[in-house]
Amino acid sequence: EEERDDVRNKWHIIVEGVDIPPPIKTFREMKFPKPIIDELTRKGIARPTPIQIQGLPVILSGRDIIGIAFTGSGKSLTFVLPMIMAAMMEEHRMPLEGGEGPVGLILCPSRELARQTHEVIEGFTVELAKQGMAQMRIMLCIGGVDSREQSDIVRNAGVHMVTATPGRLKDLLHKKRMNLDICKYLCMDEADRMVDLGFEDDIRDIYSFFKSQRQTLLFSATMPEKIRKFAESALVNPIVVNVGRAGA
Ligand code: ADP
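Residues numbered from 1 in each chain as written. Predicted model: local features only at pLDDT ≥ 70, side-chain atom pairs only at ≥ 80, totals over all residues. Heavy atoms only, no water.

You'll find the chain entered in an unreviewed UniProt entry as RNA helicase, with Micromonas commoda given as the organism.

Caption draft 1: Highlighting unusual backbone geometry. A cis geometry characterises the amide bond from Gly-101 onward to Pro-102, with omega recorded as 10 degrees. Its identity is not glycine, yet Lys-176 carries a phi of approximately 60 degrees, on the positive side. As for its position among the elements, Lys-176 is in the loop between helix H7 (166-174) and strand S6 (185-188). Since its relative accessible area comes to 74%, Lys-176 is described here as exposed. One non-glycine residue with positive phi stands out, namely Asn-237, at about 45 degrees. Tracing the sequence through the fold places Asn-237 in the loop between helix H10 (225-234) and strand S8 (239-242). Note on Asn-237: relative accessible area 45%, which makes it partly exposed. (Helix = DSSP H or I, 4+ residues; strand = E, 2+ residues; numbered from the N terminus. Buried < 20%, exposed > 50% of the residue type's maximum accessible area, 1.4 Å probe, protein only.)

Caption draft 2: Here's a closer look at the site of the ligand. Among the 14 residues in the neighbourhood of the ligand, the closest are listed as Arg-47, Gln-52, Gly-72, Ser-73 and Ser-76. Take Ser-76: an N or O atom from its side chain is 2.6 Å from an oxygen atom of the ligand. Considering the ligand on its own, with 560 Å² of exposed area, one finds that the protein chains cover 66% of that surface. Here the shell around the ligand takes 3 residues from helix H4 (residues 75-93), the largest share from any one element. Partitioning the shell around the ligand into residue classes produces 5 nonpolar, 7 polar and 2 charged. (Near = heavy atom within 4 Å. Polar contact = N/O pair within 3.5 Å; in protein donor to acceptor, adjacent residues only side chain to side chain. Areas by Shrake-Rupley, 256 points an atom, 1.4 Å probe, with all protein chains shown as cover. Nonpolar A, V, L, I, M, F, W, Y, C, P; charged D, E, K, R; others polar.)

Spelled out as structure tokens, the structure:
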């Protein structure tokens, strides 16, 4: 009990919520498979950052999270790693067929951020494939990328993870070129920017396509009242992890 408080104090991690899993000290504690550790090593990543220290155990325990963290704090890996693990487990349990997926969806406020996040995921899925551990199909859904070619992948083989901007995704869902029938993980990155850019209605529309219960991850650099309200309407019993400057 005292030790977990020490770790949180040391890294200025502020938590809110009930039954919060203890922070981790190493990636090894999370039992990531070798290809994941290898890719982290290739990127020069050895020790978790504060958002990863507390965010990874929260997400891997299945809880909804509100992560308050600035750009560059390592938040992408905080949601990418658990989502890859979940999609991989799902694939081992029951391989996807044509027309199925995604299992995990990441929404981003801009094409650039979506592309970056997609490329981070790709680094891990390529390594998983190389080491014969899993064949994960991933997709980037943003404006300016040929969406017909993209949705052919879904139709023919199914897709595990999609990284999208809300407008483009909503469009594909309404055209029935993609569905969220088996989607269990939703991550909203830079939620404050998405709300500021007016994506709130698109996102609420996207919620309505979910059929099964989902785990929702919301990340934001700031938590003004309107983001808190927005989060409360979408998350269930969330844990708040704040690594913004102390007191912010
Ligand atoms: P954010 O999503 O908060 O902007 P990213 O996850 O994109 O942050 O990480 C920012 C940079 O820091 C990236 O280059 C990433 O590879 C690197 N990084 C992430 N986690 C770690 C870590 N634990 N140790 C060292 N570098 C890291």
